[in-house]
Amino acid sequence: RKEVEQDPGPFNVPEGATVAFNCTYSNSASQSFFWYRQDCRKEPKLLMSVYSSGNEDGRFTAQLNRASQYISLLIRDSKLSDSATYLCVVYNAGNNRKLIWGLGTSLAVNP
Amino acid sequence: NAGVTQTPKFRILKIGQSMTLQCTQDMNHNYMYWYRQDPGMGLKLIYYSVGAGITDKGEVPNGYNVSRSTTEDFPLRLELAAPSQTSVYFCASSDRDRGNTEAFFGQGTRLTVV
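In short, a report on the structure. These numbers come from a predicted model, not from an experiment.

A short note on the overall build of chain B
Within chain B one finds 0 helices and 11 strands. Along the chain direction, N to C, the helices and strands of chain B fall in the order β-β-β-β-β-β-β-β-β-β-β. Relative to the globule expectation of 13 Å for 114 residues, the C-alpha radius of gyration of chain B, 13 Å, shows essentially globular dimensions. For chain B, with 114 residues in total, the buried portion stands at 46%. If you take every contact in chain B between residues at least 6 apart in sequence, the share linking residues at least 24 apart comes to 54%.

A look at the state of the cysteines
One pass over the full model with this rule turns up 2 disulfides over all chains. C23(A) shares a disulfide with C88(A); S-S distance 1.9 Å. Looking along the S-S bond of the C23(A)-C88(A) disulfide, the torsion reads about -70°, which is the left-handed sense. A residue pair is termed long-range when its members are at least 10 positions apart, and C23(A) in strand β3 (residues 19–25) and C88(A) in strand β9 (residues 84–92) qualify at 65 residues. Like C88(A), C23(A) is buried. Each disulfide pairs two cysteine sulfurs, and for C23(B) the partner residue is C91(B), the sulfurs being separated by 1.8 Å. Residues C23(B) and C91(B) are joined by a disulfide whose S-S torsion is about -70°; by sign, that bridge is left-handed. Of this pair, C23(B) sits in strand β3 (residues 19–25) while C91(B) is found in strand β9 (residues 87–95), placing the two residues 68 residues apart along the sequence. You can call C23(B) buried: its relative accessible area is 2%. Looking at C91(B), the relative accessible area reads 0%, which means it is buried.

Quick look at the pairing of strand β8 (residues 70–75) of chain A
Residue and element names in this part refer to chain A. Relative to β8, β3 runs antiparallel, the two being bridged by 6 bridges. Counterpart to T24 in the pairing with β8 is Y70. In this sheet, β8 lies alongside strand β7 (residues 60–65) in antiparallel orientation, the contact comprising 6 bridges. By the bridge assignment for β8, T61 is matched with L74. In textbook terms, the turn of a hairpin is the stretch between consecutive antiparallel strands, and for β7 and β8 this stretch comprises 4 residues, one of which, Q69, has a positive phi near 60°.

Overview of the pairing of strand β10 (residues 98–101) of chain A
Residue and element names in this part refer to chain A. Where burial is concerned, the two faces of β10 agree: the one with K98 and I100 and the one with L99 and W101 are both buried. Two elements, β9 and β10, share 4 bridges in a ladder whose sense is antiparallel. What sits directly across from Y91, in β10, is L99.

Cut-offs used in this document
- Residues numbered from 1 in each chain as written.
- Chains lettered and ligands numbered in written order.
- Predicted model: local features only at pLDDT ≥ 70, side-chain atom pairs only at ≥ 80, totals over all residues.
- Heavy atoms only, no water.
- Helix = DSSP H or I, 4+ residues; strand = E, 2+ residues; numbered from the N terminus.
- Rg over C-alpha atoms; globule rule 2.2 N^0.38 Å.
- Buried < 20%, exposed > 50% of the residue type's maximum accessible area, 1.4 Å probe, protein only.
- Contact = heavy atoms within 4.5 Å.
- Disulfide = S-S within 2.5 Å.
- Pairing = 2+ DSSP bridges.

Have a look at this one:
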């Protein structure tokens, strides 16, 4: 089992749609969780950290479920500019202090 | 606001040549990483460093070497380039010790080995 797993997609949605991505992680001792966004041929950039209580940033909502070991990202009112790959990232200080990256979920928002 | 700077942005190498990918950061981060990303694939960790003088192997270290003589610089060396090393290389840094694990990336180096 991979340490961090994501549905690769692609997710094709119309503008204005709500779309949700899930990510599962295998190490129950993982401490920090993040969603990154990567545009085509560009470097990844932090979208948002994921907190235990859940957090929201505009149209984006992130949730953490430690019991089931998954995190989610919800995008409301999708925009064309949301088209990108979304990477789930997990950090565990015991894992030689490395960030563990999912392979990413591809989103295409269509007009 | 330089952040993480990688050079060069593009390079074509012939099989068997060697080169060094440069990476420098001005955020005084302890942690630095080198990743490769093949087309349509995820990031794979090549090497990482938790501070000056300390480096360790990631998932795919074969064919590469690194050094970390200063906090700012983390060059990646390719010896005897092979077509399998054709990829996009990203350098990143983060500062876990301050409780902020956001990783900042350079713009990438697109390497083709022919």
